[in-house]
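# What the coordinates show
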Amino acid sequence: MTRHRPHTVAPAAGLALPYIALKSYWAAGGRAGVADGFDLADEFRRNGAPAALIWLERHGVDFTAVLALTGVALALTLARRPPQRPFPRRLLLATAWAGTLLVPYGLLTALLGALDRSPAADPLSGWVVPAGTAAFVGIGTALALAAWPHRPARVPA
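Residues numbered from 1 in each chain as written. Predicted model: local features only at pLDDT ≥ 70, side-chain atom pairs only at ≥ 80, totals over all residues. Heavy atoms only, no water.

When helices and strands are tallied, the protein shows eight helices and zero strands. Helices and strands appear in the protein in the N-to-C order α-α-α-α-α-α-α-α. Sorting the 157 residues of the protein into buried and exposed places 34% on the buried side. When contacts within the protein are restricted to residue pairs at least 6 apart in sequence, those whose partners lie at least 24 apart make up 75%. When the accessible surface of the protein is split by element, carbon and sulfur atoms take 67% of a total near 9,800 Å². (Helix = DSSP H or I, 4+ residues; strand = E, 2+ residues; numbered from the N terminus. Buried < 20%, exposed > 50% of the residue type's maximum accessible area, 1.4 Å probe, protein only. Contact = heavy atoms within 4.5 Å. Areas by Shrake-Rupley, 256 points an atom, 1.4 Å probe, with all protein chains shown as cover.)

Summed over all chains, the structure comprises five salt bridges. In this structure, D62 and K23 form a salt bridge, with 3.7 Å as the shortest nitrogen-oxygen distance. You can see D62 sitting in the loop between α4 (51-58) and α5 (63-80) and its partner K23 sitting in helix α2 (residues 17-27), a full 39 residues away along the chain. Of the two residues, D62 and K23, neither departs from the other in class, the shared state being buried. Residue R46 pairs with E43 through a salt bridge whose shortest N-O separation is 2.8 Å. Residue R46 and its partner E43 are both found in helix α3 (residues 40-46); the two are separated by three residues, about one turn of the helix. Using a relative accessible area of 51% as the deciding quantity, one classes R46 as exposed. In this structure E43 comes out as partly exposed when scored by relative accessible area, which is 25%. (Salt bridge = Lys/Arg side-chain N within 4 Å of Asp/Glu carboxyl O.)

Every α-helix winds through 3.6 residues per turn, so residues three or four apart in the chain are directed the same way. Look at α5: 26 Å from first C-alpha to last across 18 residues, which is about the 26 Å you get at 1.5 Å a residue. All of the buried residues along α5 are T64, A65, A68, G71, V72, L74, A75, L78 and A79. (Expected span 1.5 Å × (residues − 1).)

Quick look at the packing of aromatic side chains now. Enumeration according to the criterion identifies four aromatic pairs in this entry. Consider the rings of W97 and W148, whose centres lie 6.4 Å apart with planes at 70°: the pair is edge-to-face. Taken together, the residues span a long stretch of sequence, with W97 in helix α6 (residues 86-99) and W148 in the segment after α8 (128-147) at a distance of 51 residues. One aromatic cluster in this structure is built from Y19, Y105 and F136. (Phe/Tyr/Trp six-rings, centres within 6.5 Å; stacked < 30°, edge-to-face > 60°.)

The structure is reproduced here in structure tokens:
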């Protein structure tokens, strides 16, 4: 049986909490960090988001916050109690391994945020990119740490 370390997963997952709080605050109508006249639901609409996601945003639920919270929950679940049955185990681990792609995505977000220093073009304040970057890297790292002990054993050649 592999050894699971929730104490290593929790801090990485915790990096997502400011992002989840911020996006939930905005979905609930908060305006701190947002330029006057900017509306996230309208931005979703302009970018072609499905009507259901726009509706959720207008009604106080940010889907990215829900996804981030789901990633955190998956990482903590895998770290504490690994699934025993083969089908759910494979499904959860495949999802966790796919979620590790958030690490390079977060690093790319940080790089692009650092290169783009045009505050007039950005309706969100400068602390939003670091919060998003920390969330992406944190969730991806937490998922990797949680899934790592479950990788298939290598058979010597």
